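Survey of secondary and tertiary structure
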Amino acid sequence: MTDPTPTTPRIVLHTGKGGVGKTTISAATAVAVAHRGRRTLLLSTDPAHSIGDVLGVPVGAEPTAVGTNLWAAQVDTRGRLEQGWSAIRDYLTGLLAARGMAEVQAEELTVLPGAEEIIALLEVHRWAVDGRFDAVLVDCAPSGETLRLLALPETIAFYADRLMGAPRRLLRTLAASLTGGALGGANGQVHDALGDLLDRLTAARTLLTDPARTDIRIVITAERVVIAEARRLLTALYLHGYPVGGVVVNRLLPDEVGGGFLAARREAEASAVQLVNESFAGLPTHHLTLAAREPVGLPALAALGEELYGADDPLGATPAGPGVEVVGDDGRYALRLPLPLVERSSVDLTRSGDELVVTVGTGRRRVALPSLLQRCRVTGARFDGDVLVIGFEPDPARWPEALLDALPDRAPAASPATETTATVGPLDDSMPAGVPR
Ligand SMILES: Nc1ncnc2c1ncn2[C@@H]1O[C@H](COP(=O)(O)OP(=O)(O)OP(=O)(O)O)[C@@H](O)[C@H]1O
Ligand SMILES: [Mg+2]
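Rules of the game
Residues numbered from 1 in each chain as written. Chains lettered and ligands numbered in written order. Predicted model: local features only at pLDDT ≥ 70, side-chain atom pairs only at ≥ 80, totals over all residues. Heavy atoms only, no water. Near = heavy atom within 4 Å. Polar contact = N/O pair within 3.5 Å; in protein donor to acceptor, adjacent residues only side chain to side chain. Areas by Shrake-Rupley, 256 points an atom, 1.4 Å probe, with all protein chains shown as cover. Helix = DSSP H or I, 4+ residues; strand = E, 2+ residues; numbered from the N terminus. Axes fitted to C-alpha atoms, helices over the stretch in contact; angles between N-to-C directions. Parallel < 35°, antiparallel > 145°, perpendicular 65-115°, else oblique. Contact = heavy atoms within 4.5 Å. Nonpolar A, V, L, I, M, F, W, Y, C, P; charged D, E, K, R; others polar. Pairing = 2+ DSSP bridges. Core = buried A, V, L, I, M, F, W, Y, C linked by side-chain atoms within 4.5 Å. Buried < 20%, exposed > 50% of the residue type's maximum accessible area, 1.4 Å probe, protein only. Salt bridge = Lys/Arg side-chain N within 4 Å of Asp/Glu carboxyl O.

Close to ligand 1 lie 17 residues; Gly19, Lys22, Thr23, Thr24 and Glu294 are nearest. Here Lys22 contributes a side-chain N or O atom positioned 2.7 Å from an oxygen atom of ligand 1. Its free accessible area being 630 Å², ligand 1 has 80% of it covered by the protein chains. At the level of secondary structure, the elements contributing two or more residues to the shell around ligand 1 comprise helix H1 (22-35), strand S7 (244-252) and strand S8 (285-289). For the shell around ligand 1, the element with the most residues is H1, which contributes 3 residues.

Across the interface, helix H8 (residues 224-239) lies against helix H9 (residues 260-279) with an axial gap of 10 Å and an inter-helix angle of 10°. Between H8 and H9, the angle is such that the two are roughly parallel. Across the interface between the two elements, Arg224, Ile227 and Arg231 from H8 touch Ser271, Ala272, Leu275, Val276 and Ser279 from H9. Across the contact of H8 with H9, the residue classes tally to 4 nonpolar, 2 polar and 2 charged.

Next up on the list: the environment of Glu229. With respect to the helices, strands and loops of the structure, Glu229 is situated in helix H8. With 85 residues separating them in the primary sequence, Glu229 and Gly144 have C-alpha atoms 9.8 Å apart. In this structure Glu229 touches Lys17 and Ser143, once residues within four positions along its chain are discounted.

The next subject is the sheet that holds strand S15 (residues 387-394). Read across the sheet, 4 strands follow the order S9-S10-S15-S14 without closing on themselves; strand pairing throughout is antiparallel. Each end of this open sheet is capped by a strand with a single partner; those strands are strand S9 (325-327) and strand S14 (376-384). Taking the axes of each pair of neighbouring strands and ignoring which way they run, one obtains an average angle of 25° across the sheet. Where S14 meets S15, 8 bridges bridge the pair, whose relative direction is antiparallel. The residue bridging Phe383 from the neighbouring strand is Leu388, located in S15.

What follows covers the nonpolar core. With 75 residues, the main nonpolar core has Ile11, Ile220 and Phe280 as its most contacted residues. Sequence-distant contacts of Ile220, that is, excluding residues within four places in its chain, are made with Val20, Val226, Ile227, Ala230, Val247, Val248, Val249, Asn250, Val276 and Phe280. If you look at the next biggest cluster of nonpolar residues, it comprises 21 residues, including Leu349, Leu373, Ala381 and Ile390.

The subject of this paragraph is the pattern of salt bridges. Enumeration according to the criterion identifies 15 salt bridges in this entry. Asp210 is the partner of Arg213 in a salt bridge, and the nearest nitrogen-oxygen pair spans 3.0 Å. Among the salt bridges present, the one from Arg336 reaches Asp384, with a minimum N-O distance of 3.3 Å. Within this pair, whereas Arg336 is found in strand S10 (residues 333-338), its partner Asp384 is found in strand S14, the two being separated by 48 residues in sequence. Sharing partners across several salt bridges, the network here consists of Arg10, Asp215 and Arg217.

Set out below in structure tokens:
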């Protein structure tokens, strides 16, 4: 790992339903990337850590060389969290004792939600900017946890803005302990590492939403239940602005087997593959057949990589980003947010101050409005294919009068100056563009 050349490392995350083959495919892809001469790190953020099992060698929290150009590491979320907790416990115990209160047991305090995900996210970022690797292949926990991980920077920033008093101090303490900030002083003040933590999380999010650097791949099997979850996952990833680079269909029946039970199975598989093609049209799709033996160890993984990518570059082309886009320049604007495969009636839209809150089922994204749109009001929303289009027009209550006059065809002043929140959803295709509801 000497002489690191300055590169922009590529990050590929594999996610999907439990047991579909995320770890195996991350490892096979890492082997394929390393074979092409790139310094590759296979990193697991799944607390269930099985990359050591798949590679057939022990793997720790620091990168271990496991082959030519290939290293592996697993994020020690539990260990880091326990360290964090002991610092919090010591801090709180000291604080309460100083105020004459009984000692608090760590178990009595609720575990901060998201702490494990914070650590995992920071570790992905840490290795991505480390400089020693050209590619970081991330083996994620099953879909639900991955989403919590990816939605986290936004959530944290939101709460950090609003948290006051004790919870904020607690978060600061956690931040201090996680980021190595100094804890406590003679007067019991906690070093304010919260800002540092937020900066790091923002940097991680910037990295993971940059399609030039990050590529999230959804691993599935050709089964309807698995595909249904993958479809929801795709919508949710787009909702949060993450670039999806492809789909891997794993454990397909090999051509040479058939007959009897397998004939029925093969038929179901063919219709499931059809559903995959329709659902994820436009995304690169790789296929992998069911191996006769459990693929464990570098030679078996190399064979899988060969079947998956052949002569192609396993890192592939960089995906098209699902970024939020603002269009329009004649006094009416539209914010376009790609949301594929979404159930129209499950979408809700709320304007809250300078943010637009987009809710899809149980997923929620807070889109910070660009300054231009902060001075506008929402006029309506509709779907244009897979893209949610939200209409805006200048709001006299928010724009200086001189600027308003300069706009052609400006809309009549209608909205009350006090309006901060407006609910637009639920949406359906029938809602015309630009028409307020
Ligand atoms: N193409 C394949 N052929 C044969 N066996 C496979 C194939 N892909 C995965 N497996 C096996 O399926 C099992 C599950 O795979 P793996 O552990 O990679 O899934 P996962 O999605 O990471 O699971 P988890 O959600 O538990 O982390 C393992 O025993 C693995 O060896
Ligand atoms: Mg796994």
